[in-house]
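Geometric and topological summary
So you can see what is in the structure, the chains are spelled out below.
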Amino acid sequence: MFRKLFLFIFLCSLSTAVFSLDHYKMVFDDIKEGKEAKILKELNEGNTTNLSTLSQLGMNYIELAHNFSLKNCKKLYKINELVSSWKDNFILTEDIYYNEYDEEKEYNDSLSYRCKKVDYADINYFIKPKLVDKGLSLIRIAILNGDLNAVRLLIDLKDSDKIPYGYVINLIECLKTDNEINVNQYASFLIGQEYLTSPQIDPTSALQQFANAKDIDDPSLSYFIAYAKIEKLIEDLLDNKYSFSDEDYKHENKIIDKDTLENIQEKASRGNIKSLLYLSKYYVNEVKLNKALMYFNQACSLASSRACEMYQLQFKLSSNRELYTLLEKFDKDTLDPEIAIAIAKWCESHHKYLAAIYFYSHIADNNPQLFLHIADLYPKTELFTSEKDAEILKNYIKYVNYVKSPKIMEKIAFKYDDDSNLDQKIYWLEAAANAGSFSSKQTLSEMYMKGDYVTQNYDKAIYWHQRYCFDEQDGYTWGSCIALNKLKQDPQLQRALDNGDMEAQYKVGSMFIEHTTLYEIGVDLLEKAAKQGHSSAELRLILNRSKRSDLNFSQ
């Protein structure tokens, strides 16, 4: 029911007050002379001389649908009798015009009462659609047989109010089906344009269709290809799923030497449209949109093309207008940081985080803080977790090449969390520690103390714990640092400890064992003293084991 109402509303817009005698006469004169049958016979024989006439026949039917009403019953019934004879010959109107209504009965009833029972609903639902369908069917045949004028005619019809918009869309869908069976370059040319005018622009599919139409003799094809390439680059830049790579695009360019390029640029400077459009496509592949757009706009200023109109329409869209304006100013060769940041912020505000990252990256070397912002953007992207982590790590490393931040160095270290990257983990922890990170010093001390990730090494554990305690001028005066400070203040005790003296081992071990961070070293020193026969050290170990056993039991 909704479909019927929709169709009725659209086709009512085709009605006018009187018959157009010219188009009525044209249609029936053509039928009387058998023009359609003659042209179709010629096409079967390979003769395309009268293709434009076939398109004109189609337009006569469409114009007739656009220009008649109830004023002349004789002509009305003659038209109705004509369209009723076309049953099963339609590509757009399907069977609904026959299956849900007894047309023959209605026709006979109306004939009995002349025009009294026929109203606009009958005309708009049963007659006009068939006239339009017939006209579009003839235009379709002309397109499939190589009539470029029929392509332009159909595009004009789509933009006009002569027929419902959905009819042209249905016809283009039919042509897509035709093209899947047997590729036709004229149909491809039309379908490619449709991909560029649909609500969801699809420049990739458009370029595929234009590739099928590369041999047609139409100067506007180069405009469409250039425009589709521009839109594809913008689409790829704004893609949320893949990081954009300049190098991937540059591979699409044919190798061209400097002299040849300069020669093309010289021709373009003299207004050669072919050269201008070549350069537009060339600089798209070089990911230099400002130059691509500049040459495309110059070509548009010299000769009109529907592709130029499409670009202007896109430019005017409220959501993209600011972006297009900025892209025209974005020059990778002479970067303006403000333009790059403006584009990146636009992308961020529209949740195009990978695109934002791309534009921020161009100026991050001059503003290293942007590397951290880029790292913060990666978690918002749709990349896989492993890809995000890899990119975050790269940007952290880029940042510390400029700013020796211990905090970021420590973050880098903890990004290396598997056995294959332990050397990198230690390298960056030590870099962070040497840059002033107390937490990294403590982490290194604990790692060597317990043998986590590394071979247990008490000398290195003490070294990093001393760094943790004493790198600051005032040092730490609490906890385990007090014990280390006592050892530091007694060089004689340190020498005895270094020489393996059991009394020194007992004394320092007893002191260390009281602190969690030095506990393992304290036990080790007491065990060494006990092995040398130090009875107090052995007793201290026994008491300590008993104490820890009771503590564990109570817990």
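Here, every reference points to the structure presented above.
Residues numbered from 1 in each chain as written. Predicted model: local features only at pLDDT ≥ 70, side-chain atom pairs only at ≥ 80, totals over all residues. Heavy atoms only, no water.

Examining the state of the cysteines
Per the stated rule, a full pass over the model turns up two disulfides. The disulfide bridge from cysteine 300 ends at cysteine 308, spanning 2.0 Å between sulfur atoms. Where cysteine 300 bonds to cysteine 308 through sulfur, the torsion about that S-S bond is close to -90°, and the disulfide is left-handed. Of the two residues, cysteine 300 and cysteine 308, neither departs from the other in class, the shared state being buried. One disulfide in the model links cysteine 469 with cysteine 481; its S-S distance is 2.1 Å. For the disulfide bridge between cysteine 469 and cysteine 481, the dihedral angle about the S-S bond is near -80°, and by the sign convention the bridge is left-handed. In this pair, cysteine 469 sits in helix α27 (residues 458-470) while cysteine 481 sits in helix α28 (residues 480-488), placing the two residues 12 residues apart along the sequence. (Disulfide = S-S within 2.5 Å. Buried < 20%, exposed > 50% of the residue type's maximum accessible area, 1.4 Å probe, protein only. Helix = DSSP H or I, 4+ residues; strand = E, 2+ residues; numbered from the N terminus.)

Some words on helix α24 (residues 406-415)
Of the positions making up α24, those classed as buried are Ile408, Met409, Glu410, Ile412 and Ala413. Elements in contact with the buried residues of α24: α22 (369-377), α23 (385-402), α25 (422-434) and α26 (438-450). (Contact = heavy atoms within 4.5 Å.)

So, helix α30 (residues 502-512)
Looking only at α30, the buried set comprises Ala504, Gln505, Val508, Gly509, Ser510, Met511 and Phe512. For α30, the N-terminal capping position is held by aspartate 501, with its side-chain oxygen 3.1 Å away from the main-chain nitrogen of glutamate 503. (Polar contact = N/O pair within 3.5 Å; in protein donor to acceptor, adjacent residues only side chain to side chain.)

Structural notes on the packing of aromatic side chains
By the definition in use, this model includes 21 aromatic pairs. Summarising the aromatic geometry, the rings of phenylalanine 189 and phenylalanine 224 are spaced 5.7 Å apart at their centres and angled 80° between planes, so their arrangement reads as edge-to-face. Here the residue phenylalanine 189 occupies a position in helix α11 (residues 185-197), and phenylalanine 224 occupies one in helix α13 (residues 220-237), the gap between them amounting to 35 residues. The same class applies to phenylalanine 189 as to phenylalanine 224, namely buried. A cation over an aromatic ring shows up here: lysine 78 above the ring of phenylalanine 28, its NZ or CZ 4.7 Å from the ring centre. Positioned above the aromatic ring of tyrosine 453, the side-chain terminus of lysine 425 is 5.1 Å from the ring centre. (Phe/Tyr/Trp six-rings, centres within 6.5 Å; stacked < 30°, edge-to-face > 60°. Lys NZ or Arg CZ within 6 Å of the ring centre and 35° of its normal.)

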